[in-house]
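Chain and residue survey
Each chain, letter by letter, is given below.
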Amino acid sequence: MSELTHASAPRRSIGGQLLGSSQLVLGLILAALCIAISIAAPQFYSEANIIAILRQCALVLIVASGMTMLIITAEVDLSVGASLAFVGCIGMAVLNSTHSLALGMLAALAFAGGVGLFNGLVVTRLRVNSLIATIGTMMMLQGGVYLFTREAVQNHNRLVSFTDLGAGYVGAVPVPVILAALIFVVAYVTLRFTTLGRYLYAVGANEKAVRLSGLRSERLKLFAFVVTGLCVGVAGMILSSLMNAGQPTAGRGFELTVIAAVILGGTSLLGGRGSLFGTLLGVLVLKVIDNGIIILGWNQDLQMVVPGVVIILATYLDIIRNRANVR
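These remarks concern the structure in this document.

Definitions and limits used
- Residues numbered from 1 in each chain as written.
- Predicted model: local features only at pLDDT ≥ 70, side-chain atom pairs only at ≥ 80, totals over all residues.
- Heavy atoms only, no water.
- Helix = DSSP H or I, 4+ residues; strand = E, 2+ residues; numbered from the N terminus.
- Rg over C-alpha atoms; globule rule 2.2 N^0.38 Å.
- Buried < 20%, exposed > 50% of the residue type's maximum accessible area, 1.4 Å probe, protein only.
- Areas by Shrake-Rupley, 256 points an atom, 1.4 Å probe, with all protein chains shown as cover.
- Lys, Arg positive; Asp, Glu negative; His and termini not counted.
- Charge placed at Lys NZ, Arg CZ, Asp CG, Glu CD.
- Phe/Tyr/Trp six-rings, centres within 6.5 Å; stacked < 30°, edge-to-face > 60°.
- Lys NZ or Arg CZ within 6 Å of the ring centre and 35° of its normal.
- Patch = residues over 30% accessible without salt bridge, like charges linked within 9 Å, V, L, I, M, F, W, Y side chains within 5 Å.
- Salt bridge = Lys/Arg side-chain N within 4 Å of Asp/Glu carboxyl O.
- Expected span 1.5 Å × (residues − 1).
- Arc of directions from axis to C-beta.

1. Quick word on the overall build of the protein
Scanning the protein for helices and strands turns up 13 helices and 4 strands. For a compact globule of 327 residues, the expected C-alpha radius of gyration is about 20 Å, and the protein comes in at 20 Å, within 12% of that figure. Reported as C-alpha extents along the three principal axes, the dimensions of the protein are approximately 60 × 50 × 35 Å. The buried share of the protein, reckoned over its 327 residues, is 52%. Carbon together with sulfur atoms contributes 68% to the accessible area of the protein, which is approximately 14600 Å² in total. Computed over 20 positive and 12 negative side-chain charges, the inter-centroid distance for the protein is 9 Å.

2. Comments concerning the packing of aromatic side chains
Considering all chains together, one arrives at 5 aromatic pairs under this definition. Measuring from ring centre to ring centre gives 5.0 Å for Phe 44 and Tyr 45, while their planes differ by 75 degrees; the resulting arrangement is edge-to-face. Residue class for Phe 44 comes out buried when judged on its relative accessible area of 3%. For Tyr 45, a relative accessible area of 48% gives the class partly exposed. Between Phe 86 and Phe 111 the ring centres are 4.7 Å apart and the planes differ by 45 degrees, which places this aromatic pair in the tilted class. With Phe 86 in helix α3 (residues 80–98) and Phe 111 in helix α4 (residues 101–124), this residue pair connects regions lying 25 residues apart in the sequence. Members of the aromatic cluster, connected to one another through ring pairs, are Phe 86, Phe 111 and Phe 148. The ring of Tyr 169 has Arg 55 sitting right over it, with the charged end atom 5.1 Å from the ring centre.

3. Focus on a nonpolar patch on the surface
Taken together, the side chains of Trp 298, Leu 302, Val 305, Val 309 and Leu 313 present a nonpolar region at the surface, about 460 Å² in accessible area. Within the secondary structure layout, Trp 298 lies in the loop between α12 (276–295) and α13 (302–326).

4. Regarding helix α5 (residues 130–148)
Taking 1.5 Å of rise per residue, the 19 residues of α5 would be expected to cover 27 Å, and the 26 Å separating its terminal C-alpha atoms lies within 8% of that figure. The set of residues buried in α5 consists of Ser 130, Ala 133, Thr 134, Thr 137, Met 138, Leu 141, Gly 144 and Val 145. The buried residues of α5 occupy one face: seen down the axis, they fall within an arc of 140 degrees. Set apart from the buried face of α5 by more than 90 degrees, the exposed residues are Ile 132, Met 139, Met 140 and Leu 147.

Here is the structure:
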């Protein structure tokens, strides 16, 4: 274990300083965006608009919490968008047939967790690169959802509990925001304060050292894949509640937004470095930009352009940070 600590400590200490400074810059960018948009469109700070932003952030943050863990281990999952759509259709179908929100949620979580498990086994057992493996899974899910249903699975049960899952409130706080906050806190505590979290960082920083220390790096990566899948299950059911249907096309481009938020938040694609607080800032920045595009009346196709630009810029900054670590 001492070898594991020695191998990963220098990188994490230097990387932690760089990560902290990048989060400060990201926070300043977020503040500047909010000020600029509110000046151009005073309705930005209206209660309805703030709630809309928080709902949009909640869906991304739920999946990004799991994705942060996964990318910290130096893996990635590009199938989360396709899985999100499939999960919504399956959950809605089970809900309609059983009239039980609990069974619908269990079906959604079982399917999404199974997708994560499949991805993890392909990567850890078959040694397929996670980028290629999850692109393959994405394609299978995109085709498979149309084998499952050719059209949207409409809500025929009218359960109040299901409607509240996406549109309900606890006091003045939307239910999706509460669920996102709970998942975020659990993930944050796991990464920041537990031995499991330290092991996840270590796998990404130096997998060879982890193996030499006697730990099963494959199991740690498999855990991160399954957690990401379960997060997709929760987000998929919330989305289907908001749309009042399971839509086969609902997750198009969702994976890009999630990955862009995680990378923008300072998590390294090379693994071993990252922060959930940075991911939270990344989600807020992207969704504030999306909201600004809408309320300023700009072309909404820009909402797909922005994550692409962010991924390129954030990856370039990650390269610079890694060079600094080496020095």
